[in-house]
Amino acid sequence: MLTLEHVSAGYGGADVIRNISLQVKRNENLSIVGPNGCGKTTLLKAIAHLIPYKGTVTLDEVELRHMSRREVSLKIGMLSQQFGMYFTYSVFETVMMGRYLHIKNRFSNRPTDADRAVVMRALEAVHLVAEQDKEVTKLSGGQLQRVFLARTLAQEPELILLDEPTNHLDIKCQMELIAYLKDWAKEGSRAVIGVLHDINLAIQLSENLLVMKDGEMRASGRVDEILADGLLNETYEMDVTRYMQSALQRWVR
Amino acid sequence: MRIKVALFVVIGLVMVLLSISLGSAHVPLADVFHVIGHAVFGLDLPEHITAATVSIVWSLRLPRVLLAFLAGSALSVSGAVMQSVLQNPLASSYTLGVSSGASLGASLVLFLGVSLPFLAMLTLPILGFVFGLATILLAMAIAKRIDGSMGNQTIILTGIVFSLFVNAITTLLFSLFLNDSNRMIAWQMGSFAMRDWHTVWILAPIAVAGIFFITRFHWELDILSFGEEQAEAIGVNSRHTKTTLLVSSAALTGSTIAFIGVIGFVDLVVPHIVRRLFGPAHRYVIPMSAVIGGALMVLCDLIARTVLAPRELPVGVVTAMIGAPFFAYIYFSKRGVSNGA
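From a predicted model like this one, the values you see are computed outputs, not experimental measurements.

The secondary structure content of chain A amounts to eleven helices and ten strands. Taking contacts inside chain A between residues at least 6 apart in sequence as the whole, the part at least 24 apart equals 65%. Here chain A displays about 12,200 Å² of accessible surface, and carbon together with sulfur accounts for 49% of that area. Of the side-chain charges in chain A, 30 are positive and 32 negative, and the distance between the mean point of each set is 4 Å.

The next point concerns the pairing of strand β2 (residues 14-24) of chain A. Consecutive residues of a regular strand have side chains that alternate between opposite faces of the sheet. Residues and elements named next belong to chain A. Across seven bridges, strand β1 (residues 2-11) lies against β2 in antiparallel orientation. Bridge assignment links Gly 10 to a residue of β2, and that residue is Asp 15. Counting the residues in the hairpin turn of β1 and β2 gives two residues, including Gly 12, whose phi is positive at 55 degrees.

Residues and elements named next belong to chain B. The terminal C-alpha atoms of helix α2 (residues 29-41), which comprises 13 residues, lie 18 Å apart, in line with the 18 Å expected from a rise of 1.5 Å per residue. Taken together, the buried positions of α2 are Asp 31, Val 32, Val 35 and Gly 37. Buried residues belonging to α2 abut α1 (2-21) and α3 (51-86). Gly 42, located one to two residues past α2, shows a positive phi value of around 70 degrees.

Residue and element names in this part refer to chain B. On the surface, Ile 185, Met 189, Val 317, Met 321, Ile 322, Phe 326 and Tyr 329 cluster together into a nonpolar patch covering about 640 Å² of accessible area. Those elements that provide at least two residues to the nonpolar patch are α7 (181-189) and α14 (315-333). Looking at the nonpolar patch, the element that brings in the most residues is α14, giving five residues. Positionally, Tyr 329 belongs in helix α14. When its relative accessible area of 53% is taken as the criterion, Tyr 329 is described as exposed.

Residues and elements named next belong to chain B. As for its placement among the helices and strands, Ser 78 is situated in helix α3. Residue Ser 78 is classed as buried on the basis of its relative accessible area, which comes to 1%. Setting aside residues up to four positions removed in sequence, Ser 78 forms contacts with Ser 93, Ser 249, Leu 252 and Thr 253.

About the criteria used
- Residues numbered from 1 in each chain as written.
- Chains lettered and ligands numbered in written order.
- Predicted model: local features only at pLDDT ≥ 70, side-chain atom pairs only at ≥ 80, totals over all residues.
- Heavy atoms only, no water.
- Helix = DSSP H or I, 4+ residues; strand = E, 2+ residues; numbered from the N terminus.
- Contact = heavy atoms within 4.5 Å.
- Areas by Shrake-Rupley, 256 points an atom, 1.4 Å probe, with all protein chains shown as cover.
- Lys, Arg positive; Asp, Glu negative; His and termini not counted.
- Charge placed at Lys NZ, Arg CZ, Asp CG, Glu CD.
- Pairing = 2+ DSSP bridges.
- Expected span 1.5 Å × (residues − 1).
- Buried < 20%, exposed > 50% of the residue type's maximum accessible area, 1.4 Å probe, protein only.
- Patch = residues over 30% accessible without salt bridge, like charges linked within 9 Å, V, L, I, M, F, W, Y side chains within 5 Å.
- Salt bridge = Lys/Arg side-chain N within 4 Å of Asp/Glu carboxyl O.

From the geometry alone we can't say anything about function, so treat these as descriptive.
Now the structure itself:
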């Protein structure tokens, strides 16, 4: 559904990422890993067309540049790390904002029962039904992250981009989130692209891995191939394999 | 919430009616209704109502009160939008240079005797409006050159710098034409005195249309409060929406002060009061800013023309005298609540 060819992008004319090519098919997720500052977030922003890019990005055979904001956001949802919070709305109101494109038309913008049902399903998915009337400023970091995820789900996109979605989540929440997203992608013939620092979580989310360093693509392919290559050791400039194995040994003992 | 909305709409109406009734010559409320009924629906007038009363109510007070209400509404809505879009509790059309630009336009008219062909009577408001709007457009164009993403801080800073510069030109004109400066000073203080129905008929459609247009963006205003990038990802065309809102609210302020002069503080204070009463959702903030802002301006004008009667104070003095301490109270009394409003 998504194809990138020789994509470069950045801010204020300077390229942060260079010459990235990748492909994501429906029912196939992709995890992006790499050291801090390697351009993972910039890549996601380019895919969501939040920043201009060079090269080509096509979504279902249509070049992103030729699509309106509305057309892009109806298909791509993004959960980003950066947000402001100038006013405070309730959890329900905030998640309802994800319905913006579905509700907003020239004459009315009142949510229908169907919209409310979508929002409630999204809240159920992130276990926040009980908190729906709480103000978002009163939530913990993990709850807030789940509110924004619910908002992205309420958007009903076909491709979800996740920038560090598990930052503030405990291990159980992380696993539930990944499991939910995998089901979500599978049941609707959709896809998830996730930037994840935790390599174990990345492996859980997808069969495919994109490894980035210094704004460039180091490798992309099946998880087992990349792990077997020892490529991560080189990318992170440390013995990732041994680190993981030694941790594992303590568990199995 | 509905009851609260209804309550404040009623308060606004009562304020308008009281303001027509009260003044140097007191007209009982019943007579006010009779005169309005007579003028609008052609109903018969009771015998005790004189032609002078009819003239006071219909030709002097009613247009003046309506104008005050319209101006208060327009300025408050404009202020609410500026504060929300720029995410700054002190932002207003004035910060961005609208009043400086309008003052420059007005001083060209008053000092240099500039006059538009065919529209001589309207030269002052038209030039005031055009200069006000031109200033903010120019400031925004420069902000865009400096910072392609049009960050809020850039817009505010450019606006402030630009309005200081434009003020300097106005001051220069002042110093060159010191003898004619009385009218200019009077204009800058703002007043609803000596306005007739003509002004109401011009300002009413602009203000009403502007407020309706802005109200349509209430949800975008909510969504933008989480940041432009998040709004963009949800599908809001952030930069376009932001520019549309800033320009339309500057136009609201511009057309208002073009007719009545510079009146400060209402646009700053009213949105804060409204958010306190109705919460941050803009589907309430925008319309209720219009209602409460209108009512407050009517009250300020009532005070301006009665407190030292028969002398009349400039309404801008009243709004500032009430507004400044009130703003301080509202803003500082709730510090620690993290909604920044």
